[in-house]
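This is what each chain is made of:
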Amino acid sequence: MRSTNPSIPIPRTVPLLPLHDKVLLPGVVTRLQISRRDSIPLFEKILRSYDSKDLNKCIIGVFPVHTPVPLPRLSDSSAGDSNNDNSNKNRRKSSSISKSDYGGYPLTDDGAVVGSNAGQVVPMMGTGNSGGGVHPPINPAHIHSTGCAARLVRLERAVGGFTVMLEGVVRLRLNKIIAQTPFFEADVSPLLDRPVDKNDQELQDQIVALKSTSKEFVSLLQTLKLPAPVLVQLQKFLENVAVIPGQVVDLLMSTIESTNEEKLVILDAADLKERIPKAIELLTRQIHVLKISQKVHDNVEGKLNKKQREFYLRQQIAAIKEELGEKDAGEEDEMTTIENRLAAANLPAEVQKAADREMKRLRKMQPASSEYSVIRNYLDWLGDLPWTKSSEDHLDVERARKQLNDDHHGLEKVKRRILEYLAVTKLQQMKGDVKGPILCLVGPPGVGKTSLGRSIATAMGRKFHRISLGGVWDESEIRGHRRTYVGALPGLIIHGLKKCEVNNPVFLLDEIDKVGSRGHHGDPSAAFLEVLDPEQNNTFTDHYLNVPFDLSKILFIATANSLDTIPAPLLDRMELITIPGYTYAEKLAIATNHLLPKQIRLHGLDQDEVNVTEQALLKVATGYTRESGVRQLEREIGSLVRAKAVEYAEAQERRLEEKEVGGSTQLQPGYHPLVTATDVEDILGQEKYVNEVTERTPTPGVVTGMAYNGVGGGILFIEVSQMPGKGNLQLTGSLGDVIKESAQIAMSWVKGHGYDLGLTHGHGQNIMEKSDVHIHMPGGGTPKDGPSAGIAMVCALVSMFSLQTVPATTAMTGEFTLRGLVMPVGGIKEKVIAAHRAGVRKIIMPLRNRKDVTSDVPSNVREEIEFFYASNIWEVLREAFEGRVAVRAGSVAAAVANGALDSRM
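Just so it is clear, the structure is predicted and the values come from calculations on it, not from any experiment. (Residues numbered from 1 in each chain as written. Predicted model: local features only at pLDDT ≥ 70, side-chain atom pairs only at ≥ 80, totals over all residues. Heavy atoms only, no water.)

Participant: Give a detailed account of the overall build of the protein chain, specifying residues and quantitative values.
Facilitator: Looking only at helices and strands, the protein chain features 29 helices and 26 strands. Of the roughly 44,100 Å² that the protein chain leaves accessible, carbon and sulfur atoms contribute 51%. (Helix = DSSP H or I, 4+ residues; strand = E, 2+ residues; numbered from the N terminus. Areas by Shrake-Rupley, 256 points an atom, 1.4 Å probe, with all protein chains shown as cover.)

Participant: Describe the pattern of salt bridges, with residues and values.
Facilitator: In the structure shown here, the tally under the stated rule is 36 salt bridges. The residue D193 makes a salt bridge to R275 at a minimum N-O spacing of 2.8 Å. Here D193 is found in the loop between β8 (185-191) and α3 (201-223), whereas its partner R275 is found in helix α7 (residues 272-302), with 82 residues between them in sequence. Since its relative accessible area comes to 14%, D193 is described here as buried. When the shortest N-O distance is used, the salt bridge between E636 and K688 registers 3.1 Å. Taken together, the residues E636 in helix α21 (residues 631-660) and K688 in the loop between α22 (677-684) and β18 (702-709) connect sequence positions 52 residues apart. (Salt bridge = Lys/Arg side-chain N within 4 Å of Asp/Glu carboxyl O. Buried < 20%, exposed > 50% of the residue type's maximum accessible area, 1.4 Å probe, protein only.)

Participant: Residues and numbers for the UniProt feature "active site" (unreviewed entry) in the protein chain, please.
Facilitator: As annotated in UniProt, the feature "active site" (unreviewed entry) corresponds to S788 and K831 in the numbering used here. A maximum C-alpha distance of 10.8 Å among these annotated residues, which run over 44 residues, shows that they cluster at one spot. One can find S788 in the loop between β21 (771-776) and α24 (790-802). Residue S788 is classed as buried on the basis of its relative accessible area of 14%. Within the fold, K831 resides in helix α25 (residues 828-838). On the basis of relative accessibility, which here comes to 3%, the residue K831 falls in the buried class. If near-sequence neighbours (up to four positions away) are discounted, K831 is found in contact with M706, A707, Y708, G713, S788, T813, V825 and G826. (UniProt positions renumbered as here; feature names shortened; annotations may be inferred. Contact = heavy atoms within 4.5 Å.)

Participant: Requested: an account of the pairing of strand β26 (residues 866-870), with residues and values cited.
Facilitator: Remember that side chains alternate between the two faces of the sheet whenever the strand is regular. Burial within β26 is extensive, with 4 of its 5 residues counted as buried. Across 5 bridges, the pairing between strand β25 (residues 842-846) and β26 is parallel. The partner of M845 across the bridge, within β26, is Y869. (Pairing = 2+ DSSP bridges.)

Participant: How would you sum up unusual backbone geometry? Please name residues and give values.
Facilitator: When glycine is set aside, most residues are seen to have a negative phi, and most peptide bonds are trans. The step from T181 to P182 runs through a cis peptide bond, and the omega angle for that step is -5°. Of note in the backbone geometry, E501 takes a positive phi value of approximately 65° without being a glycine. Topologically, E501 is positioned in the loop between α16 (492-500) and β11 (506-510). Even without being glycine, E511 reaches a positive phi, approximately 60°. Inspection of the secondary structure assignment puts E511 in the loop between β11 and α17 (524-531). Of the residues examined, E511 reaches a relative accessible area of 24% and is grouped as partly exposed.

Participant: Lay out the packing of α3 against helix α4 (residues 228-238) in plain terms, naming residues and giving numbers.
Facilitator: For the pair α3 and α4, interaxial distance at closest approach is 11 Å and the crossing angle is 175°. It follows from the interaxial angle that α3 and α4 lie roughly antiparallel. Facing α3, whose interface residues are S214, V218, L221 and Q222, α4 presents L231, L234, Q235 and L238. In terms of residue class, the contact of α3 with α4 is made up of 5 nonpolar, 3 polar and no charged. (Axes fitted to C-alpha atoms, helices over the stretch in contact; angles between N-to-C directions. Parallel < 35°, antiparallel > 145°, perpendicular 65-115°, else oblique. Nonpolar A, V, L, I, M, F, W, Y, C, P; charged D, E, K, R; others polar.)

Participant: Could you give me a rundown of the confidence of the model for the protein chain, with the residues and numbers involved?
Facilitator: Per-residue pLDDT for the protein chain has a mean of 80; in total, 83% of the residues score no lower than 70. The low-confidence segment residues 71-133, where pLDDT is below 50, has 175 contacts with residues more than four positions distant or belonging to other chains. Residue range residues 900-905 is modelled with pLDDT below 50. Its contacts to residues more than four positions away, or to other chains, number 9 contacts. (pLDDT = per-residue confidence, 0-100.)

Participant: Describe the nonpolar core, naming the residues involved and giving the relevant values.
Facilitator: Soluble globular proteins: nonpolar side chains tend toward being buried together. If you look at the biggest cluster of nonpolar residues, it comprises 55 residues, and the most contacted ones within it are F43, I46, L152, V164, L166 and M253. Tallying contributions element by element places α7 first for this core, with 8 residues. With near-sequence residues (within four places) excluded, L166 lies in contact with L17, V28, V29, T30, L32, I60, V62, A150, R151, L152 and V153. In this structure, Y372, W387, C440 and V502 belong to the second largest nonpolar core, which totals 53 residues. (Core = buried A, V, L, I, M, F, W, Y, C linked by side-chain atoms within 4.5 Å.)

Participant: Hey, could you go over the packing of aromatic side chains for me, with residue numbers and the actual values?
Facilitator: Aromatic ring pairs: the centre-centre distance and the angle between the two ring planes describe each pair. Taken as a whole and assessed by the stated rule, the structure comprises 8 aromatic pairs. Between W387 and F549, the ring centres sit 4.8 Å apart and the planes meet at 45°, which makes this aromatic pair tilted. With W387 in the loop between α11 (370-384) and α12 (397-407) and F549 in strand β13 (residues 548-549), the pair connects residues that are 162 residues apart, well separated along the chain. Since its relative accessible area comes to 9%, W387 is described here as buried. Judged by its relative accessible area of 1%, F549 falls in the buried class. Ring geometry for Y648 against Y671: centres 5.1 Å apart, planes inclined by 85°, an arrangement best described as edge-to-face. Remark: Y671 occurs in the loop between α21 and β17 (674-675) and Y648 occurs in helix α21; sequence separation between them is 23 residues. (Phe/Tyr/Trp six-rings, centres within 6.5 Å; stacked < 30°, edge-to-face > 60°.)

Participant: Quick rundown of α4? Include the residues and the values.
Facilitator: An α-helix turns once per 3.6 residues; consequently, residues spaced three or four apart project the same way. Buried within α4 are the following residues: V230, L231, L234, F237 and L238. Seen end-on, α4 carries its buried residues on one side only, within an arc spanning 125°. (Arc of directions from axis to C-beta.)

Participant: Got a sec to walk through the packing of α24 against helix α28 (residues 873-880)? Specific residues and values, please.
Facilitator: Interaxial distance between α24 and α28 falls to 10 Å at its minimum, and their mutual angle equals 55°. Accordingly, the angle class assigned to the pair α24 and α28 is oblique. In the crossing of α24 with α28, the sense of the turn from one axis to the other is right-handed. On α28, the residues touching I791, V794, C795 and V798 of α24 are I873, V876, L877 and A880. (Left-handed = near helix turned anticlockwise from the far one by under 90°.)

Pasting the structure below:
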C-alpha cells in the first residue's frame, strides 16, 4: 500500500480564502483575480512575508461559500474571487497560456499542469475575475465546512487587486473561524485519503469499475481527436488508479462537465467508498453525452452534400491561387459575403437553383464588367428578401378588440371582420393553411381607412407597410422591370417585403381606385389580379427576380373612395367593406377622445390647459364642417387649440414680468382654458355652413332629393318651372344620361296620369300642350347621375302643376318605373346620414330599402328621423303632399293611393 499524504506540511491555522460559485479540488490548478476588500489584505501580507522563491511554501485554505439569497451580479464573475466554473470552456482558454506562467511546471496541450504530487497531471481550472464594485460582507455561517488546502504557485499585482495561481493539495475540515479581519483565519484539520486496502473487496470492486469507466472515457476522447500528448499523460496517470484512486477521481471530476453542487459532493466525500461511486455516476453521464455528440457529428459528416464539397474544393483553389500570387483578396471576400448572405436567407429550392447559377456566372466575370454589377445587385436582392422569416402573430382576440376600439370609434363591420380572421387563424394555426384575406375598405376621405390599416397591424403584432397607388400608370411599378433594362428594380410589392424584413406583414394598398388605366406601359390594375388572388399569389413572380415568391401570408388591405373606376375582375378578388360617413354623435365622440387630445399634444400644451366643451365641439362639427370624415373637423379643432396656445404664451409672459417686479405668482394670470360655444365664433369667425333644408321656405316645384357620391352622401334640390312653349322638356345642372332618362320617365308618367291627379279636365288633355317645363338641379359644377332621383322628380312636377308644396324638411330617394312601382336604390346609410346632417326630419324611400335602414343606419339617427317606405308612386305622393293632392274618385289610382288595391297588381 502506498500513502497519498502530501509531502507539504499543513499548518493547524491557515489564512482562509472564501470562493463563491467555485470549488477547488486537490490536484487542480486555478488562476483567480482577487479584488474583494476582505481578501486583498491576505495577499498584501503574503507579499511582505514571503520571497518570490518561497511562495510555494505558503498554504491557504480555500473554502466554498454558500449564497442562500441570490446576489446581484456585478459582472460575469461571482461575488467571490472566481467566476462560474464552465470547465470545458475554461480549459480551452487555458491552453493558450505559456508554460512559464505556471512557475516552471510543464504544460500539456489541453491546459493541464504536471504537479509535484506523485507525478499526476493537474488540470488547469478557468481563470476567475471577480470584477470591481462593492461586495457584500461574507457571513462566516455561509462558509462550507469542507475545503481544500492550496499551495501558492504564483502571485502578481493587477488592476484593482491581485492575480494568483493556486494548486489544490489536500482536503481540509473547518473547525472554527479564528479571525475575520483584516482577513479570515481558521483552525483546520487535513482530511487525508486512507491507504488502499487490498483486502477490502468492496473498495477493490469500486476501483475496478472506476478503471473500466475511465478507460471508456479516455477512448471517447481519442475519437474526438484530442492532442496525443494529453491523452498519453492521462492514460499513464490512470494506470495508477489502483494506488491513488482518490487523486484519479479528483482529476476526472475537474475534466468533465459538472455543476458546483456535484463538485461539492465530491469535495465532501472524504471516504473513498463514498467518493468513487459518485464519480462513476458522473463519468457515466459524461460518456453518454459524448456518445450522443459523436453520433450527431457522424450523421452530419455523413451527409456531406455537393455544395459542401464544392466549398472545400474552392478553398483549395483559393489556396493554390494564393501560392501562385493570383489571389484577389477583396474579390474573394466579396464572394464569401454574398454566399453567406444567401445561405442565411434560407432560399427555397427553385430560388437556390437560380442563385447558384448566377453565382457561377459572377465568378467568371471581371468586377469591371457592367454585367457584374447587375448580377451582384440581383444576388443582393435574393439575399435580402424574407423568404422564410415571419413575425409571430398576436392571436389574442380580446387584446385585438381593445386595440381596435381604442384607435377607432365605430366601424363595427371592419372590426368584426378582422376579429374573425384572427379567430380563424388561432384555431387553424397548427394546420398552416390559413391564407390572408384581401380586404377593400371603401368610403369617403377622412373616415379612417388608412389609419385603420395601421391599427390592424398593431393589433396583430405585424409590421405595417403602406403602398400609395395614386398615379401609378406603369405595370412595371407593380411587377418590376426585367433585368434586360438599365437600372431595373423589383416592383412595389417586393420593395415593401424587403423593407419589412418579414414575409407576413400588413400591406395597405392606398387609393387603389386611383390606379391608372391601360396604356402603352401596360395595365397596372391587371397586375394586381395575381397579387390579390389568394389562389395565385403564393407563386407571385416579379419580372426582376424571375422566381416565385409566396405572398399568401401577407394581409392585403386596399382602400378606395369609389368602386366605379376599379375593374370588375379586380373588384371580384377583394372582400368589400363599406365605411360610411360619421354622424354628428360619432364625430363628437371622435373629437373628444382622439382629435382634441392629439391637437393639444401637437401644440405643446397639457391636457388640463385646454378644455373644449361638448357644445363647442358640436358647433364646430355642424357649423364649420360639411364632410363625411373628420379631416376638416381636426383642422378647425387645431385652430381652436392654436388660439388658446397664443393666450397661454401671453399669460406666461405676463407672469414672468409680474414675477420680476415682485407681483403675483399665480400660475397663469388672465388665462382661462375653457372654450365654450360662444368662443367658437370669436375664434373661427361666422359659421360657414347652415342647414340648407331648414333655411328654405317650401315652394311649389321644389323638392329635396338625396344623392350618393364617392365622398359620401348629400342632398340635392330639384327645381321645376313652367313657361309658355310647345311642350318641350329642358334639363340643366350637369346631368348624366341615367338621370336624364329618369326625368323623361317622370315627365311621361305625370302627363299620362294628369287626369287622375286632377291636373287636367279630361283623359286626353295634355298638360304641356302650350307650355315648356324646365328641370334644374343646382350645383352645375358637380356632375350628377343615377336613377335614385326618380320619385323626387315626379313629386317636383306634380308640385309645380298642382301649386302644392312639399315640406322643406322632407327628403326622398328611389327609382320608379312607368307603371309607378318604386324600386330600391343603394347608398342608403350615406344618404340618410347626409340628410340628417342637413336637417331633414322625414325621409321617403322604397319599401325594399327598409332592411338597409334597420341594419346600417345608427340608432340615434333613426330616432331623430321619420321614415316612410313606399312600394308605389301613389303612396309617395300621398305622404309627400300629406294628402293635399287630390286623386279623382273611382280611378285605379285612387284605389292604390288609398291602400285598397295592392300596387303590385
